[in-house]
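# An overview of the molecular structure
Chain by chain, the residues run as shown.
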Amino acid sequence: VPKRNMGKMERLKQVDVVIVGGGWTGLLMAKEIVTRTSLSVLVLERGGSAADASGYAAQMDELDYNVRLRGMQNLADETVTHRHSIRDQAAPMRQYGSFQAGGGVGGSGEHWTGVATRFLPDQFVLQTHLREKFAPAKLPEGLAVQDWGFTYDELEPYYCRAEQMMGVCGKSGNLRGKLIEGGNIHEGSRSQDYPLPAHPTTYVPGLFQKAALELGYHPYPIPSATLSQSYRNPDGISRGACFYCGYCSRHGCMVGAKAQPSTLLMPLLVERKNFHLRTGCWVRRVLTHDGKAEGVSFVDASGNEFVQPADIVILASWTINNVRLLLSSKVGHPYDPVTGTGTLGKNLTHQVGQSAELLFDKSLNGFMGSGGLGVAIGDVAGDAPASDFAAGVIRGGTIQTMTSGEGPLASFGKMPAGEVKTNWGSEWKKASLRWYDKSATITSRDMHLAYRHNFMDLDPTYSDRYGDPLLRLTLDWTDQERRQAAMLGKIELSIAKAMGAKSFRLTESVGAHYSSTMYQGTHIQGGAITGSSRQDSVVNTWLQHWDVSNLWVVGGSSFPQNECTPTLTIISMTYRAADALVEKYVKRPGALA
Amino acid sequence: MKRRDLLARTAIGFGGLLVYNVGSRNFVAGETTPTVSAGFRFFSSQEAAVIEAACDRIFPADDSGPGAREARVVVYIDRQLHGPFGNDRYRYTKEPFVDSVPEHGYQGKATPRDVYREGIQVLGSDFHTLDSAVQDERLRNIENTYFFRMLRTHTIQGMFSDPLHGGNSNMVGWQLVGYPGPLMSYRDQVFKTSVEPFRQKPVSLEQVIGSPVKGWEDE
């Protein structure tokens, strides 16, 4: 463990901009800055380099990458702790469970599934929207949803830029206000069509589509950042179409069809003289003095600690690490859930989900597919239908089925409930073989509302490899999430039945309490949220810190609440922040709001 | 019957005679496969015999096809325990270790190596010499233990993970279920409107990419 003696740390040569984290947000900020200004940019990434396409081909191994999670950050170095309420003792997440953070250059952007959906317009003004629509007494106690400080319309051009950069494939349902059947007619108006057409429909999603139509829903192809045909983006990056090998989630793409930072951003960055990337560098503190960030301190791969001075500091190291760095560096005002004062760490959200497992009487070739290859309905994605609202549900979610490609480790043993008495031995083996490759899943991606009692702070007991406190998540479900899951589960079962499944049942759900062992999705949000006032947010709508004007905090940490599948929104907000930094801040440094 | 049909129907079973290629020999249900005598990295030969026998009861060879012994599941487990997984190199292992709520999962200090060593004690050093009915009874007695759940999970992994990890020997596991291996493209199959089971002779990752692949256990 290096000694924290600032006087003895080697002071490196000043750079204009230092960026912490080399994933989607860090590399996108870097790309916008180095291609539009002459500023020098240094990205500090604590993991290693990203693999190239042939390297990713050698990773088409279900055991090492899907089960052992070889592409993720090493939890032995750093994890989080979790407790259900402030009355409980937190325990560390000792092995990966409810989320899985990608390691190395590209971060989670390398191994994501590639679902690229926009948020609904009312999401950005959710507090105002709920106040206007519902009597306060009807809303749950402790609800802490907030407006984002900007609207969908303000973000819309950046959604277009993000879709064009990645080559998102989809079918518009609302193009400049005109509703189009076959697309998601519930989405916000888009000023431009998807850059590429949706992938064709595979067998099980085809059954879902037909069933959903029969039931009066509006099915649409899930927008996917994996290419349906070859594509050259506005930055001049060309990629080929998907091969449907099924190794998407938790894998990098071996043909470059899935949008990843390593293929879309790194090639533009490496040719710039004003760009530098250092891997194996673990940032421990943001250094501030008199309300200004002076740089960061970090430990390199050989264990030496340095001070990196910079005029602008950008934190782009995912929700968990962004918030932890701010707390460890004592930048901002930590949130106190009892008094409701402070802003740093508040509005922690994850996502709500309810799954149904379906079994058919024939083999489905479930090992084929592509990350976001599937069909969804958005009919209950926003406000809950009136009858459900009367039963206490506020918001719903998107219901979908995907053929993402599932290997035998994940699919072996799926069978109808009650088929066998024990889950081992000859009888179980035969039943597993009989039902092998006959299962499909309907899942929901649901909004998670923010509450006063769900927040992040520093853990008083557990520390990382350098002795710095871990981030502590205080997070639990409420009746709202349980009712929300029940509402979605009911719809899922009705669709499963109409699809002609031989057997179907609800499986994973939110349960009685939040579980840090059950994978929900790597979508942890909040803690350094955006807003229109310094009283209720950490960063302004340009993702610039309210108190430290040369510090920017980008990524999911800025979400006041989550609507699920955050990547496209994160990238769009990063473009918007970069525009503000390049066009306004660089010309005239200081607070932009 | 065409070869394609044979492979297509392996998951259903033919009642009686099943033909799988194990090593250079054909596998016939009921035939015993010699106990693995490979050089083990973690297990003693006696520990290996106990684990092999237990895995074989969890996933037995029967008239539906070969089991854990034929797939050399014990070799897979041995390598995993010897490698970084076995000593928790990628698990958060800082103290204090506390008992917590079930939603926090396994919070123990014991590594997978420790869990196996203790589990083998519980199964008994004579486990592999017992009748299968007695073996099953001993396993039933520990069904709800962390060790058993781990052993069961590892047995499935040793059956169906890529052969580069030591199990799924000669891809018997993949042949058994009809998984073709990590093929690079299903462009010609994935959008067919009526699903025909795609069951071709499996290929391993090393065969697909044409060069050796190192599993995490070998790093």
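For the structure, see preceding data.
Since the model is a prediction, treat every value here as computed from it, not as a measurement.

Cut-offs used in this document
Residues numbered from 1 in each chain as written. Chains lettered and ligands numbered in written order. Predicted model: local features only at pLDDT ≥ 70, side-chain atom pairs only at ≥ 80, totals over all residues. Heavy atoms only, no water. Helix = DSSP H or I, 4+ residues; strand = E, 2+ residues; numbered from the N terminus. Rg over C-alpha atoms; globule rule 2.2 N^0.38 Å. Buried < 20%, exposed > 50% of the residue type's maximum accessible area, 1.4 Å probe, protein only. Contact = heavy atoms within 4.5 Å. Pairing = 2+ DSSP bridges. 1 Å grid on protein atoms, 1.4 Å probe; cavity = no way out; pocket = protein on both sides within 12 Å on 5 of 7 lines; lining within 4 Å. Points joined across faces, edges and corners; volume = space filled by probe spheres on them. Nonpolar A, V, L, I, M, F, W, Y, C, P; charged D, E, K, R; others polar. Disulfide = S-S within 2.5 Å. Buried area = accessible area lost by both parts, 1.4 Å probe. Salt bridge = Lys/Arg side-chain N within 4 Å of Asp/Glu carboxyl O. Polar contact = N/O pair within 3.5 Å; in protein donor to acceptor, adjacent residues only side chain to side chain. Phe/Tyr/Trp six-rings, centres within 6.5 Å; stacked < 30°, edge-to-face > 60°. Lys NZ or Arg CZ within 6 Å of the ring centre and 35° of its normal. Axes fitted to C-alpha atoms, helices over the stretch in contact; angles between N-to-C directions. Right-handed = clockwise from strand over helix to strand, strands pointing away.

## Examining the overall build of chain A
For chain A, the count of helices and strands is 15 helices and 22 strands. Over its C-alpha trace chain A gives a radius of gyration of 23 Å, about what one expects of a compact globule, namely 25 Å for 593 residues. If you line up chain A on its principal axes, its C-alpha atoms span 70 × 55 × 50 Å. When burial is assessed residue by residue, chain A has 65% of its 593 residues classed as buried. For chain A, contacts bridging at least 24 residues in sequence account for 76% of all contacts bridging at least 6.

## Description of unusual backbone geometry
The peptide bond linking E95 of chain B to P96 of chain B adopts the cis configuration, its omega dihedral lying at 0 degrees. Structurally, P96 of chain B can be placed in the loop between α4 (73-82) and α5 (112-123). Phi angles above zero are rare outside glycine, and D290 of chain A is one such case at about 50 degrees. Its place among the elements puts D290 of chain A in the loop between β12 (282-289) and β13 (292-299).

## Considerations on the sheet that holds strand β4 (residues 80-83) of chain A
Read across the open sheet, the four strands follow the order β5-β4-β20-β19 (chain A); overall the sheet is mixed. With one partner strand each, in any of the chains shown, β5 (91-92) and β19 (455-463) of chain A form the two edges of the open sheet.

## Section: the layout of surface pockets
Residue and element names in this part refer to chain A. A volume near 360 Å³ is recorded for the second largest pocket. Every residue lining the second largest pocket is counted, 17 residues in all, and those nearest its centre are H84, S85, I86, R87 and H453. Classifying every residue of the lining of the second largest pocket by side-chain character gives five nonpolar, seven polar and five charged.

## Some thoughts on empty space enclosed by the protein
All names here are of chain A. In the structure shown here, the tally under the stated rule is eight cavities of 30 Å³ or more. Each pocket or cavity is described by its volume, and for the largest cavity that value is around 250 Å³. Taken together, 20 residues make up the lining of the largest cavity; nearest its centre are T117, R118, N184, Y220 and E563. Of all the secondary-structure elements, those providing two or more residues to the lining of the largest cavity are β17 (397-402) and β18 (439-446). Classifying every residue of the lining of the largest cavity by side-chain character gives nine nonpolar, six polar and five charged. Looking at the second largest cavity, its volume works out to about 130 Å³. Lining the second largest cavity we find 14 residues, and of these Q73, E78, A101, W318 and I320 sit closest to its centre. Ranked by residue count, the leading element in the lining of the second largest cavity is helix α10 (residues 318-328), at three residues. Its residues placed into classes, the lining of the second largest cavity shows eight nonpolar, four polar and two charged.

## A short note on the state of the cysteines
Residues and elements named next belong to chain A. Summed over the entire model, instances satisfying the criterion amount to zero disulfides over all chains. Just so you know, C245 is unpaired, no disulfide at all, and the nearest cysteine sulfur is the one on C248, 5.6 Å from it. Since its relative accessible area comes to 9%, C245 is described here as buried.

## Examining the interface of chain B and chain A
At the junction of the two partners, chain B supplies 75 residues and chain A supplies 67 residues. Buried surface at the junction of chain B and chain A, summed over both partners, amounts to about 5900 Å²; 61% is from carbon and sulfur atoms. With a closest N to O distance of 2.8 Å, R199 of chain B and D437 of chain A form a salt bridge. There are 40 residue pairs in polar contact (both at pLDDT 80 or more) connecting chain B and chain A. The set of elements that each furnish at least two residues to the side of chain B that touches chain A consists of α2 (45-58), α4, α6 (132-141), α7 (146-160), α8 (172-177) and α9 (205-209) of chain B. In terms of residue class, the side of chain B that touches chain A is built from 37 nonpolar, 18 polar and 20 charged.

## Here's the deal with the packing of aromatic side chains
All names here are of chain A. Enumeration over the complete set of coordinates arrives at 35 aromatic pairs over all chains. When the ring of F119 is compared with that of F124, the centres are 6.3 Å apart and the planes differ by 35 degrees; the resulting orientation is tilted. For the pair F119 and F124, one class covers both residues: buried. On the numbers, 6.3 Å between centres and 40 degrees between planes, the contact of F412 with Y436 is tilted. Taken together, the residues span a long stretch of sequence, with F412 in the loop between α12 (408-411) and α13 (426-435) and Y436 in the loop between α13 and β18 at a distance of 24 residues. When its relative accessible area of 7% is taken as the criterion, F412 is described as buried. Here the aromatic residues F119, F124, W148, F150, Y152, Y159 and F559 are joined through ring pairs into a cluster of three or more. Stacked on the ring of Y194, the Lys or Arg R190 has its end atom at 3.8 Å from the ring centre. Over the face of the ring belonging to F150 we find R576, whose NZ or CZ atom lies 4.6 Å from the ring centre.

## Points about the pattern of salt bridges
All names here are of chain A. A complete count under the given rule lists 42 salt bridges over all chains for this structure. Put simply, R70 and D64 hold a salt bridge, and the shortest N to O gap is 2.9 Å. As far as burial versus exposure is concerned, R70 and D64 are alike and both buried. Between D547 and R534 there is a salt bridge; the shortest N-O distance is 3.0 Å. Here D547, found in the loop between β21 (503-506) and β22 (551-553), pairs with R534, found in the loop between β21 and β22; they are 13 residues apart in sequence, far enough to count as distant. Residue classification places R534 among the partly exposed positions, given a relative accessible area of 42%. Among the ionic contacts, a cluster of salt bridges with common partners joins K31, E32, R36, R161, D235, D579 and E583.

## Considering the sheet that holds β18 of chain A
Residue and element names in this part refer to chain A. Strands sit in the order β8-β16-β17-β18-β15-β21 across an open sheet of six strands; the sheet is antiparallel. Two strands in the sheet have a free side with no partner beyond their single neighbour: β8 (219-221) and β21. When strand polarity is set aside, the average angle formed by the axes of neighbouring strands in this sheet is 25 degrees. Bridge count for β17 against β18 is five bridges, and the pairing is antiparallel.

## Details of the pairing of strand β3 (residues 41-44) of chain A
All names here are of chain A. Alternating residues of β3 divide into V41 and V43 and L42 and L44, and every residue in both groups is buried. Of the pairings in the sheet, the one linking strand β2 (residues 15-20) to β3 comprises four bridges and is parallel in character. Across the sheet, V17 pairs through a bridge with V41, a residue of β3. In this view, the connection linking β2 to its parallel neighbour β3 by way of helix α1 (residues 24-36) has right-handed handedness. Pairing analysis gives four bridges linking β3 to strand β11 (residues 275-278), with the strands arranged parallel. Bridge pairing in β11 links V43 to L277.

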